[in-house]
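Structural overview
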Amino acid sequence: MSLFKAIFKYVWPQIKKYRLAFYSIFILFGTRIFLEGILRPVYFKKIIDTISFSSFDRITVSSDLFKLVFITIGLNFLVTTIARICKFIIYAFEVNVAKELRNFSFRKISKQSQLFFSNNFSGSLVTKSRRFVGSFETMFDILIYDFYSSIIFFIGVFIVILPQSKIIALFFSIFILVYMSIIFFFLKKKIKYDTIEAQSDSRIGGRLADVFSNIFAVKIFSNRDKEEESFKEITQDANIKSKKAWFFSGKIEVIQGFFSAIMLSLILYITAKLWLQNKISTGTVVLIQTYIVIMMDKLWQLSTAFMKFMKSAADMKEMIDLFEVKPDILDPVKPEKIKIKEGHIVFKDVSFKYKNGQSVFEKFNIDIKPGERIGLVGHSGAGKSTFTNLVLRFSDVSEGNISIDGQDIRSVTQDDLRSVISYVPQESILFHRTIRENIAYGKPNATDEEIIQVAKKAYAHEFISKLPNGYDTYVGERGIKLSGGERQRIAIARAMIKDAPVLILDEATSSLDSISEQYIQDAFNELMKGKTTIVIAHRLSTIQKMDRIIVLEDGKIVEEGTHKELIAKNGSYAELWNHQVGGFIE
Ligand code: ADP
């Protein structure tokens, strides 16, 4: 039950937005089922009784007969009209709620932290979110077309049959109750199989996404065959799980089939007997048989519907589990207004540990003045990325605090904080959108002039102009149609147009061609103007002109000063300087 509670918690708020349609569906569909499934057979019964009683004098009943025929014809038209209107409302309702659910999932998932995304394959996130919406539609269809319509039908049948024959009404009720109990008994077990099946299906999606996004590595290591083999293992595993789930469904169907056959025979036998004893009319025999046929159909569909309903619920659950994950980094309940303008960054007694217990900083202090340009150097693992992640609040300090312009970075929202920081990562990943859109991402309302101006300053305008569609060129997924250096310059232009007071640059480790490198260096210099800048340097040549160089080792500042001062000191920095291999720190 908790499963449905969880689904309800997330789906109901979206359904509520269309409550008029929601309630209309129940009223109209209920009316339709009553008219079509219950009342129409009653008129057939009346027609048959009229016909069978009049076998000696047909003329006397002609007006009664025609009245009944016309009512039935009228009923048919009414049912068709209501059915069409209802279908239209259901369709519109489902499409609208599906839209809301898509937007909701997007909002909920995109709020998750970086860590969440590194722990969840984007491929399986896509699959889960698609399935979430698809399953809602399936569940709602089943709810209306199977569950609700059956309830209305069963109650209606009972009310109509009871005055005709108590014993048949009793048999009908027993039949329905036992049948439903069988379904419920087995389906409880079935959901376990379905959950396992859904998980293995997600694994397939996740693996596909992982391999396809790393296809370059797969090919370069000649591991295509190995990947294929390992993919086959995953699909084989999924295959076994699907089979188990379906075998179980098969078993339930066999039991249902036999039980129905027995009950049907019994009811037919009793009906015949009652007719012979003159306790029910010919019309009633036809009515009972008509109801039985519809009921059998409904009950049979009901069991498949239950299975599908449970399967869809299990599918929805996968996404809901993700909704329930609390983001690692939360915004304050009452965020302050952001007051950061200058970019004066202060770490006060900052300690930080990763979740696995790995301690990176202990009582770490640093004061970066507004407009100061800092070069952060140190061996791999020294804590450089962790330092910038803390400033950007991709991680939260365990103790102490970080403030910018006197404002604790935890007192404002993450969006506000990041709006005052420009960040250029090592490997710039671009959206599969046009270059113009990629640059304007830093300032959505940027004019074309502004875009061109920053592109020029980032030394990107020239190469962009040479592209066949210029600024309207699509860059390919993750920007693969451009070279590393070109992507980097677009990312610099994007950071430039954002014009934030704080700038964090993670210098590219991958070797760029020397022309690109010079351009990027010039673009960086342009970008840094007037901003508090932190550069994670992977080669020392690029940070010689920094105001202060900080040498980190195991999360501690071991040296700081200008390039000249540190070389003169002949300590760690000088050692790094002398040991750079091919320009890079190892
Ligand atoms: P740098 O950027 O200087 O190479 P990092 O900041 O990435 O160094 O890493 C500092 C230390 O924290 C290293 O010992 C690293 O293994 C550890 N570390 C980095 N990221 C994580 C993480 N997500 N979980 C646990 N430990 C981590």
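Here the structure is shown first, and the text comes after it.
Residues numbered from 1 in each chain as written. Predicted model: local features only at pLDDT ≥ 70, side-chain atom pairs only at ≥ 80, totals over all residues. Heavy atoms only, no water.

Digging into the layout of surface pockets
The volume enclosed by the second largest pocket comes to roughly 780 Å³. If you go around the second largest pocket, you meet 26 residues; those closest to its centre are F4, M139, L143, F147 and F309. Taken together, the elements giving at least two residues each to the lining of the second largest pocket come down to helix 1 (2-16), helix 2 (19-53), helix 5 (122-164), helix 6 (166-213) and helix 9 (282-323). Looking at the lining of the second largest pocket element by element, the count peaks at 8 residues for helix 5. Its residues placed into classes, the lining of the second largest pocket shows 24 nonpolar, 1 polar and 1 charged. (1 Å grid on protein atoms, 1.4 Å probe; cavity = no way out; pocket = protein on both sides within 12 Å on 5 of 7 lines; lining within 4 Å. Points joined across faces, edges and corners; volume = space filled by probe spheres on them. Helix = DSSP H or I, 4+ residues; strand = E, 2+ residues; numbered from the N terminus. Nonpolar A, V, L, I, M, F, W, Y, C, P; charged D, E, K, R; others polar.)

What about the environment of E372?
Considering the arrangement of structural elements, one finds E372 in the loop between strand 2 (359-368) and strand 3 (373-377). Spatially, the C-alpha atom of E372 lies 8.4 Å from that of M546, the residues being 174 residues apart in sequence. A polar side-chain atom of E372 sits 2.9 Å from the main-chain amide nitrogen of K369. Here the side chain of E372 touches R548 through a polar contact of 2.9 Å, side chain to side chain. (Polar contact = N/O pair within 3.5 Å; in protein donor to acceptor, adjacent residues only side chain to side chain.)

Considering the packing of helix 1 against helix 2
In the contact formed by helix 1 and helix 2, the axes pass within 7 Å of each other and the chain directions differ by 95°. As the angle between them shows, helix 1 and helix 2 are arranged roughly perpendicular. In this structure, helix 1 contributes W12, I15 and K16 to the contact, and helix 2 contributes R19, F22 and Y23. When its residues are assigned to classes, the contact of helix 1 with helix 2 shows 4 nonpolar, no polar and 2 charged. (Axes fitted to C-alpha atoms, helices over the stretch in contact; angles between N-to-C directions. Parallel < 35°, antiparallel > 145°, perpendicular 65-115°, else oblique. Contact = heavy atoms within 4.5 Å.)

Re the sheet that holds strand 2
Spatially, 4 strands are ordered 2-1-4-5 in an open sheet, and the strand pairing comes out antiparallel. Edge positions in the sheet fall to strand 2 and strand 5 (407-408), since each of these pairs with one other strand and no more. Set on the sheet, helix 10 (residues 384-391) makes contact with strand 1 (345-353), strand 2 and strand 4 (399-404); between it and strand 2 the angle comes to about 65°. (Pairing = 2+ DSSP bridges.)

Quick notes on the site of the ligand
In the vicinity of the ligand, the contacting residues are Y354, N356, Q358, V360, H379, S380, G381, A382, G383, K384, S385 and T386. A distance of 2.9 Å separates an oxygen atom of the ligand from a polar atom in the backbone of K384. Separating an oxygen atom of the ligand from a side-chain N or O atom of T386 is a distance of 2.4 Å. In the complex, the protein chains occlude 65% of the 560 Å² of accessible area that the ligand would expose alone. Counting residues per element, the shell around the ligand draws most heavily on helix 10, which supplies 3 residues. Its residues placed into classes, the shell around the ligand shows 3 nonpolar, 8 polar and 1 charged. (Near = heavy atom within 4 Å. Areas by Shrake-Rupley, 256 points an atom, 1.4 Å probe, with all protein chains shown as cover.)

Notes on the sheet that holds strand 6 (residues 421-424)
Read from one edge to the other, the open sheet built from 6 strands follows the order 6-7-8-3-9-10, with strand pairing classed as mixed. Looking at strand neighbours, the two that pair on one side only are strand 6 and strand 10 (556-561), the edges of this open sheet. The average angle at which neighbouring strand axes cross in this sheet is 20°, direction not considered. Contacts from helix 10 reach strand 3, strand 6, strand 7 (502-506), strand 8 (532-536) and strand 9 (548-553) within the one sheet, and its direction differs from that of strand 8 by about 150°. Packing of helix 15 (residues 484-498) onto the sheet brings it into contact with strand 6 and strand 7, and relative to strand 6 it is tilted by some 180°.

Description of the nonpolar core
One finds F93, F136, F172, F175 and Y291 to be the most contacted residues of the largest nonpolar core, which totals 77 residues. At the level of secondary structure, the elements contributing two or more residues to this core comprise helix 1, helix 2, helix 3 (62-110), helix 5, helix 6, helix 8 (224-276) and helix 9. A per-element tally of this core places helix 9 first, with 19 residues. Beyond its immediate stretch of four places on either side in the chain, F172 contacts V157, I267, I288, Y291, I292 and M295. V454, A458, L505 and L540 belong to the second largest nonpolar core, which has 41 residues in total. (Core = buried A, V, L, I, M, F, W, Y, C linked by side-chain atoms within 4.5 Å. Buried < 20%, exposed > 50% of the residue type's maximum accessible area, 1.4 Å probe, protein only.)

All we've got here are geometric facts, nothing functional implied.
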